[in-house]
Structures are given as structure tokens and as C-alpha cells.
Amino acid sequence: MARPDDEEGTAVANGHPPANGYLPVPGDAPAGKVSAETQIGPVAGCLALNGVSRDSPKAAASGTPHGPKTPLAPEEETQARLLPKDPGEETPGGEGTLVPRIALSPRRFVVLLIFSAYSLVNAFQWIQYSIISNVFEGFYDVSSLHIDWLSMVYMLAYVPLIFPATWLLDTRGLRLTALLGSGLNCLGAWIKCGSVQQHLFWVTMLGQCLCSVAQVFILGLPSHIASVWFGPKEVSTACATAVLGNQLGTAVGFLLPPVLVPNTQNNTQLLACNIRTMFYGTSAVATLLFILTVIAFKEKPQYPPSQAQAVLQDSPPGEYSYVKSIRNLFKNIPFVLLLISYGIMTGAFYSVSTLLNQMILTHYEGEEVNAGRIGLTLVLAGMVGSILCGLWLDYTKTYKHTTLTVYILSFVGMVIFTFTLNLGHIIIVFVTGGLLGFFMTGYLPLGFEFAVEITYPESEGTSSGLLNAAAQIFGILFTLAQGKLTSAYGPRTGNILLCVWMFVGVILTALIKSDLKRHNINKGITNGDIKAVPVDSPTDQESKTILMSKQSESAI
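Small disclaimer: the values here were computed from a predicted structure and weren't measured.

When helices and strands are tallied, the protein shows 23 helices and six strands. Partitioning the contacts of the protein with sequence separation of at least 6, the portion at a separation of at least 24 is 83%.

Below, the structure written as C-alpha cells:
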């Protein structure tokens, strides 16, 4: 059985040689005479590579200008942007310049949908215990800290496993990472189905641990999927949509458990039946999504969706070093500042989500269902914020200003939420929770995309993985500290702790130097400042010198 990525990567455009070894060339190079001989026949003096003219026998052997043409895949054909077929046509990179074959695959929407769906189920399983923590405390006869750890295990597992997970993504590819995430999520859900007895808390913890490991192979993928599958004008929106799946899962996790498992602790059999219904329903959905991942999730599209991806995909594999990539990221001061500020913001969101039920019930006793609805409001508002921020970034590319603005508004929202929580009117909590969620959750895709921009050409999976690792570390620390303060002094004290740290995050974000490297590559190629041309041997250092001059043209 052929690998899906082989299926996507082996087709060749009409009359074109396989695109391998594209290199950036300064825009001021005299590239006006460069043309594609496989389309219009050999052109004298059009390009010299490795010291060999393209119309030499060696160059001619690599392609047959008039040979049979491989048909273009049907799903690619409608959106393909081909190289010029006639001598007078211009290429996307500038007049007469040979550029990589770029196309947008309709399959990208299928990949994005499947990923978002199983990310949703994973996030649902993260929060399904915490939002009805008092119910599970009574059923399993454990303390609130035990239930909190069912949420915090997601954060704890992520930190040590993120490095092997990102190494796997960078070296073994997107499809295998997706299969592990979806498969472990499915397995963990089924194990929980065997834990619906009062003495089997350890079994439900085992299932949750597997789901937390699955999360390691999920959280780092949004920016990677967006970059590999989507074009430069939609990459930020795609990343926001991928993050949206996880946020929607949190929203469903706030909404459904209080409805499916009401507080009936006086009737243990009914309570066990309700918990079993929730667990089996989750397992069925997770199984369906795993099957869809196996069938439809592909490694990468047939052609790169952007010039930046063309340069990355055609780099020699031997040049990549995971350890060197990590070192480069930690030497990048703007990324380190973003790493800390992103960890503070996302860790605060994790802490608020985990302890929301306890905060609400402290001031509004018996309002478990409304606590879930407030959580739903928080996340749904954040989903709207995520999409709007993604669209705004695709339109303006103002990463630094947008990130800083949203961070400041999140801080303001947290302050308002903190000092209005105990006013005695739960409708106010709905409003302030929605305001907080709109900016706090809307910030998540901004951090991913900003990181990719300032760290290009380092792997998106590695930068996203480190951001998420920072978020998990801060999430554990904030949840433990805020939980202790909430139990001892009330919710306001715990929330003030988060406000102080978010203010620190605002300052760190303001210090980040904005250098949009990926955007500059795409913009440079479009404007003719940077061009990409194929070479015969990208591993040969001398082959990177492309000789195009009027002297060589006239000599040939």
C-alpha cells in the first residue's frame, strides 16, 4: 500500500520536471532571459547550473520536452498556478523568471476539518471533569485536588513529551503525528468507559493520562497544517480555524457534562448510568474520527501552497538538525519574550477554565449548569475572537500591534471579571466572562502565527510546541497557586494573582521586536525581490551559484 504522501507528491505538472531544489535568488539578478525549456523547447543561454548549460546533453537528459505528459490531479487542476507555457507569458515571480510550481489543493479543507474535529474531542475530555468537579468528587469519593489533577495531567504530560513529539513531527511527518494524536485520544476514551465504578478512580486517571499524551501530538499542529497546506493569504485564518476546533471542544466540555451528568448523588446508580452515557458517546465519536484520519489525512499537498513553503520543502533533508533548531529558537530573543508572554496568557486561561466551577459555586451555590454555560460563553466569544484575529492578520499582517492590543484588552477583561464576580448578579458574570474569553482565547492563534513569522525558517511544529510547553508549565503553576488562594481567601485573591502576571506579559509583549521573516519571503518573491529557481543538486554548495549573464547567452 502506497503512502498517502507519496500519492500526493509524485504527480508532475504538464511538461514540467519534478520540482526539487528551489533556491532563493536576489531579485536584481539578470533573470530576464530565464525560461522553462520543458515547456517551450531549449532556449540558448537561458541558464547555467553546476557549470552545465541547460541545453547541454546532460541537462536535456533530465527531461523530455516533447514526451508524454503526466495529467494533473483533478483536485488540483482548478486552482493550479502553472509556469508560463508561452515565451511571452510572465511568471508570478517577475518577468521571465522560473519559479516553483505553486497550487492550492482543495484537500486542505478536509485535512483542516478532520484535525479540528479530533482536537475538539481531545479538548472536551480535558475539561469534562472540572466543570462538574463536585459531582465527580462525590462519585469517586476523592478530594477536589484529585479532580483538578484530571485537568492538570494534560499540562504535566505535555512538558516532558513535547520534545520527542516535535522531533517526530519534523522527522517523520504530519500524517504519523496526526494518527498518534487521534489514535491515543480514541484509546483513552475507551479506557474511561471501564472506570464507571466508585472504586475505579485510577482507571479514569489512566484513560485521562492517555488523552493527555494524545494532546502532545495535537496542540503543535495548527500552525504546521496552516503553513504546509494553505496559501499566504489564508494561512492565519487557517491557523485560527485549527485552534478553533480545540476551543470548540472546551466549549462543548463546558456545556454538555452538566446536562448529561446532573448532580444526582443521592442516586448513585443513576449517576453512574449518566457518566457511562457520556463516556461511551465520547468514545464513539473519537473512533469515527480516528477512522477518518486514517483514510483521508495526507502528509502534504502535491505542490507547495506558497513560495516560502517551496523553499523549505526543497531544502536538502541532511541540512536539518532538530537540536540546532531548538538552539536557534532559544537564541532568538523576540521568540523567548513571546514564549514567556504566551505561556502567561494561555496558562491563565487554563487556570480559569479548570477552576471556573469552584469560583462560580463559591458565590452562586447550586449553579452548576450556569457555571457550564458561563464557560461556554467564554469559549464561544473566544472562537469569534480567534476567527476575527486570523482574518485581520491575513489582511494587514500587523502581527506585533495586533498581538499587543489583544494582550492589553485581555488584561483589562481579567481585571473586570475579577472585581465583578461577587456582585450577586450572575448575568454580569456571563457578560464579563464573554468579554474575557473574546480576547484571551482569541490571543491563542495570534501567538502561534507571530512565532512562525519571527522564527522562519525554523519548523512551525517546534516553535508551536515550545509555546505550548510554556503554556502547560504556567498552567500547572497558576492552577495550583490560584486553587490554594481560592480555597483559603476566595476567588478574588486567586484572580488578582493572574492579573499581576498578565500585566507582566503585556510588558514582555511590548518589548518583542517584529521581524516578519516568512511574510518578507512571500512578499519578496511577489515583488521580484526574491526569486526561486530549480537546481540540479541542492546539496552541492557550488550549485547554488546560478550563472545568468549576457556573455554566457551570447557564447551559447
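A few words on a nonpolar patch on the surface. There is a patch of nonpolar side chains on the surface, built from I408, V412, I416 and L435 and spanning about 270 Å² of accessible area. Following the sequence through the fold, I408 ends up in helix 17 (residues 399-420).

Turning next to the side chain of T420. Its place among the elements puts T420 in helix 17. A distance of 2.7 Å separates a polar atom in the side chain of T420 from the backbone oxygen of I416. Apart from the residues lying within four places of it in its own chain, the contact partners of T420 are I428 and T432.

Turning to the packing of aromatic side chains, a few remarks are in order. This model, assessed by the stated rule, comprises 17 aromatic pairs. Pairing F411 with F503 gives two aromatic rings, centres 5.7 Å apart and planes at 50°, and the pair type is tilted. Note that F411 is positioned in helix 17 and F503 in helix 21 (residues 491-510), a separation of 92 residues in sequence. What makes F411 partly exposed here is its relative accessible area of 21%. Three or more aromatic residues joined by ring pairs form one cluster here, namely Y129, F136, F139, Y140, F201 and F279.

This paragraph deals with helix 9 (residues 201-216). With 16 residues, helix 9 extends 23 Å from end C-alpha to end C-alpha; this agrees with the ideal 22 Å at 1.5 Å per step. For helix 9, the full list of buried residues reads F201, V203, T204, M205, G207, Q208, C211, S212, A214, Q215 and V216. Buried residues along helix 9 sit in contact with helix 5 (107-127), helix 6 (133-140), helix 7 (144-172), helix 8 (174-193), helix 12 (268-296) and helix 20 (460-489).

A complete count under the given rule lists one salt bridge for this structure. Taking the shortest distance from any N to any O, the salt bridge between E234 and R108 comes out at 3.0 Å. One end of the pair, E234, is in the loop between helix 10 (221-229) and helix 11 (235-260); the other, R108, is in helix 5, with 126 residues separating them in the sequence.

Turning to unusual backbone geometry, a few remarks are in order. The phi dihedral of D141 falls on the positive side, at around 55°, and the residue is not glycine. Tracing the backbone shows D141 in the loop between helix 6 and helix 7. We classify D141 as exposed; its relative accessible area is 69%.

Looking now at the environment of S353. Here S353 lies in helix 15 (residues 333-363). Considered as a pair, S353 and G375 are 22 residues apart in the sequence and their alpha carbons are 7.1 Å apart. Apart from residues no more than four positions distant in its own chain, S353 is found in contact with W126, I127 and F254.

Let us now look at the packing of helix 15 against helix 17. One can describe the packing of helix 15 onto helix 17 by two numbers: an axis separation of 12 Å at closest approach and a directional angle of 25°. Relative to helix 17, helix 15 is oriented roughly parallel. The hand of the helix 15/helix 17 crossing is left-handed. Residues S341, I344, M345, V352, L356 and M359 of helix 15 touch helix 17, and the partners they reach there are Y407, S410, M414 and F417. Taken together, the residues that form the contact of helix 15 with helix 17 break down as eight nonpolar, two polar and no charged.

Interhelical geometry of helix 5 versus helix 7 gives an angle of 130° and a closest axis separation of 7 Å. Of the possible angle classes, the one that applies to helix 5 and helix 7 is oblique. In this structure, helix 5 uses N122, Q125 and W126 to contact helix 7, whose residues at the interface are L150, S151, Y154 and M155. Within the contact of helix 5 with helix 7, the residues separate by chemical class into four nonpolar, three polar and no charged.

The first and last C-alpha atoms of helix 5 sit 31 Å apart over 21 residues, in line with the 30 Å expected at 1.5 Å per residue. Along helix 5, 16 of the 21 residues are buried, which leaves the element largely enclosed by surrounding structure.

Turning to the confidence of the model for the protein, a few remarks are in order. Detailed conclusions should not be drawn from predicted coordinates in areas where pLDDT is low. Per-residue pLDDT for the protein has a mean of 75; in total, 72% of the residues score no lower than 70. Below pLDDT 50 for its whole length, residues 1-97 participates in 185 contacts with residues either more than four positions away or in separate chains. Predicted confidence is poor over residues 525-556, with pLDDT under 50, and the contacts of this stretch with residues over four places away or in other chains come to 82 contacts.

Let's shift gears to the side chain of T237. Following the sequence through the fold, T237 ends up in helix 11. Overall, T237 belongs to the buried group, its relative accessible area being 19%. The residues touching T237, leaving out its near neighbours within four places in the chain, are G390, L391 and D394.

Examined against the element boundaries, R101 turns out to sit in the loop between strand 4 (80-81) and strand 5 (102-103). In the structure, R101 is positioned 206 residues away from Q307 in sequence and 8.9 Å away in space, judged by C-alpha atoms.

What counts, and where the lines are drawn
Residues numbered from 1 in each chain as written. Predicted model: local features only at pLDDT ≥ 70, side-chain atom pairs only at ≥ 80, totals over all residues. Heavy atoms only, no water. Helix = DSSP H or I, 4+ residues; strand = E, 2+ residues; numbered from the N terminus. Contact = heavy atoms within 4.5 Å. Patch = residues over 30% accessible without salt bridge, like charges linked within 9 Å, V, L, I, M, F, W, Y side chains within 5 Å. Areas by Shrake-Rupley, 256 points an atom, 1.4 Å probe, with all protein chains shown as cover. Salt bridge = Lys/Arg side-chain N within 4 Å of Asp/Glu carboxyl O. Polar contact = N/O pair within 3.5 Å; in protein donor to acceptor, adjacent residues only side chain to side chain. Phe/Tyr/Trp six-rings, centres within 6.5 Å; stacked < 30°, edge-to-face > 60°. Buried < 20%, exposed > 50% of the residue type's maximum accessible area, 1.4 Å probe, protein only. Expected span 1.5 Å × (residues − 1). Axes fitted to C-alpha atoms, helices over the stretch in contact; angles between N-to-C directions. Parallel < 35°, antiparallel > 145°, perpendicular 65-115°, else oblique. Left-handed = near helix turned anticlockwise from the far one by under 90°. Nonpolar A, V, L, I, M, F, W, Y, C, P; charged D, E, K, R; others polar. pLDDT = per-residue confidence, 0-100.

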